[in-house]
Amino acid sequence: MNENKQFDDASKDRSEHIKLARWLHDLLAKSSQDIANLSITTGGDESEFELVSSNDYHPRFYQQLPDFIMALLRNDPKATIHYAPLLYHLAGCNVCHSAYLELYDALRYAVEVGDNEPIIDYGSRPLASIPAGTLVNLCQFLIRQAEAVLRQAHHDHTDGEAYARSLLQWAMRVSAQITQSSQRVKALHDLVRVATITEGPHSPGEQVQAARSYSPLIGAGGTRHGKVLRKADAPVRSAETPAEQAIILLQSSPLEGSITQHEDTLELHLQDLDEKLRGQHLTISVPLGSLIEPVRWIGGNPRAIRTIAPVDKDGRIVTPLGQTDLRLNNPDDRNLLEVMFLRLEVRPAG
């Protein structure tokens, strides 16, 4: 009889705890929504930042997630005490909770393969052993955190560019290890937008709107056993591009282009350019070109590369972009270069 009573009491206590937990979760979620609604009604730049911070970006908590997760993975008995405010926040913020789950999964894999710290050694251990979905989540987390850092720095009138830059560099290098093209496209979503949040014009010529903006056909180029790999819907290469040469295919619908390599030099090939550009020199801009610096750009500025010759009468141009020790026929190198050319802009030279 006493045993039955104790069991009933334990079940009742558990039920009450569940009710309390649900009430607390609902209360926190409702409070977060109230803060977001309040930010909408107040107006102004300050409230716009508060809305972003309340609704999607919480840099103070985002930046604690890696340390908190590593403390959990190391079975630190004081982790929950040291990070109590973060735990309280995660209970009511779905965005941060999702980021926590994604990053936990990624860091857990890194620890399980033998790393003591979440630092990736690209030379000795490829990331191919980690599932592509985990790498995609890690890239997206790094990009979101970089945006949060930049917005927080803008709000606080501080300089967060170096930290955000390191996060974006990590995202670029991790994405280069994803072999599935569709997954790599997903991993790189928003990279260009976040990388250019705080950028103003770098030269007078860049104040002019781009005449054309190209992006790579992710995974459509490359070489294997001397033959070029390309998707069924990939554009046909120009006649001067050898069939055995590794390339990065570019597209600016409906126009096509490519990037090839001759020894150390990366060359840009464009065709069918607008008639208004024919007979003119062009300025080539690679917005992500300064994030990671394996390329020695012509003129020193990836945002203002002047073509060595004008566009010919048929709308074609071939011009060097810079020199690099990376090789397009090396899959890892090619993937990193492909990320770097996520956007390539063309405009008349000033």
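Look up a bit, the structure's there.
Residues numbered from 1 in each chain as written. Predicted model: local features only at pLDDT ≥ 70, side-chain atom pairs only at ≥ 80, totals over all residues. Heavy atoms only, no water.

## Observations concerning the packing of aromatic side chains
- Taken as a whole and judged by the stated rule, the model has four aromatic pairs.
- Ring centres of Phe68 and Tyr100 lie 6.0 Å apart, and the angle between their planes is 35°; on these two criteria the pair is classed as tilted. Here the residue Phe68 occupies a position in helix 4 (residues 65-73), and Tyr100 occupies one in helix 7 (residues 94-112), the gap between them amounting to 32 residues.
- Among the residues examined, Tyr100 registers a relative accessible area of 15% and is labelled buried.
- On the numbers, 6.0 Å between centres and 80° between planes, the contact of Trp297 with Phe341 is edge-to-face. Separated by 44 residues along the polypeptide, Trp297 in strand 8 (residues 295-297) and Phe341 in the loop between helix 12 (331-340) and strand 11 (344-348) bring together distant segments of the chain. You'll find Trp297 and Phe341 in the same group, each marked buried. (Phe/Tyr/Trp six-rings, centres within 6.5 Å; stacked < 30°, edge-to-face > 60°. Helix = DSSP H or I, 4+ residues; strand = E, 2+ residues; numbered from the N terminus. Buried < 20%, exposed > 50% of the residue type's maximum accessible area, 1.4 Å probe, protein only.)

## Let's talk about the nonpolar core
- In this structure, Leu191, Ile259, Phe341 and Leu344 are the most contacted members of the largest nonpolar core, which totals 78 residues.
- Looking at this core element by element, the count peaks at eleven residues for helix 8 (residues 132-156).
- For Phe341, the contacting residues outside a window of four places in its chain are Ser215, Pro216, Ile248, Ile259, Leu266, Val286, Trp297 and Leu321. (Core = buried A, V, L, I, M, F, W, Y, C linked by side-chain atoms within 4.5 Å. Contact = heavy atoms within 4.5 Å.)

## Topic: the pattern of salt bridges
- Applying the stated criterion to the full structure yields 13 salt bridges.
- For Asp264, the salt bridge is made with Arg327, and the minimal N-O distance between the two is 2.5 Å. In this pair, Asp264 is assigned in the loop between strand 5 (255-262) and strand 6 (265-270) and Arg327 in the loop between strand 10 (317-324) and helix 12, connecting sequence segments 63 residues apart.
- In this structure Asp264 comes out as partly exposed when scored by relative accessible area, which is 30%.
- With relative accessibility at 29%, the residue Arg327 sits in the partly exposed group.
- Across the salt bridge formed by Arg316 and Asp312, the nearest N and O atoms sit 3.6 Å from each other.
- Overall, the relative accessible area of 39% leaves Arg316 in the partly exposed class.
- The exposure class assigned to Asp312 is partly exposed, which follows from its relative accessible area of 27%.
- One continuous salt-bridge network, built from bridges that share partners, spans Glu147, Arg151, Asp190 and Arg193. (Salt bridge = Lys/Arg side-chain N within 4 Å of Asp/Glu carboxyl O.)

## As for helix 9 (residues 161-175)
- Helix length check: helix 9, at 15 residues, gives a terminal C-alpha distance of 21 Å against a target of 21 Å (1.5 Å per residue), a fit within 8%.
- Among all positions of helix 9, only Ala164, Leu167, Leu168, Ala171, Met172, Val174 and Ser175 are buried.
- The inward-facing, buried residues of helix 9 abut helix 8, helix 10 (181-187), helix 11 (191-195) and helix 12. (Expected span 1.5 Å × (residues − 1).)

## A word on the environment of Leu87
- Within the secondary structure, Leu87 sits in helix 6 (residues 84-92).
- Since its relative accessible area comes to 32%, Leu87 is described here as partly exposed.
- Sequence separation of Leu87 and Phe61 is 26 residues, and the distance between their C-alpha atoms is 9.5 Å.
- Leaving out residues up to four positions away in the same chain, Leu87 has contacts with Phe68 and Thr80.

## Notes on the packing of helix 9 against helix 12
- Remark: helix 9 packs on helix 12, axes separated minimally by 8 Å, with the N-to-C direction vectors making an angle of 135°. Taken as axis vectors, helix 9 and helix 12 run oblique relative to one another. As helix 9 packs across helix 12, the resulting crossing turns out to be right-handed. Here helix 9 contributes Met172, Arg173 and Ser175 to the contact with helix 12, which in turn contributes Leu336, Val339 and Met340.
- The residue inventory of the contact of helix 9 with helix 12, partitioned by class, reads four nonpolar, one polar and one charged. (Axes fitted to C-alpha atoms, helices over the stretch in contact; angles between N-to-C directions. Parallel < 35°, antiparallel > 145°, perpendicular 65-115°, else oblique. Left-handed = near helix turned anticlockwise from the far one by under 90°. Nonpolar A, V, L, I, M, F, W, Y, C, P; charged D, E, K, R; others polar.)

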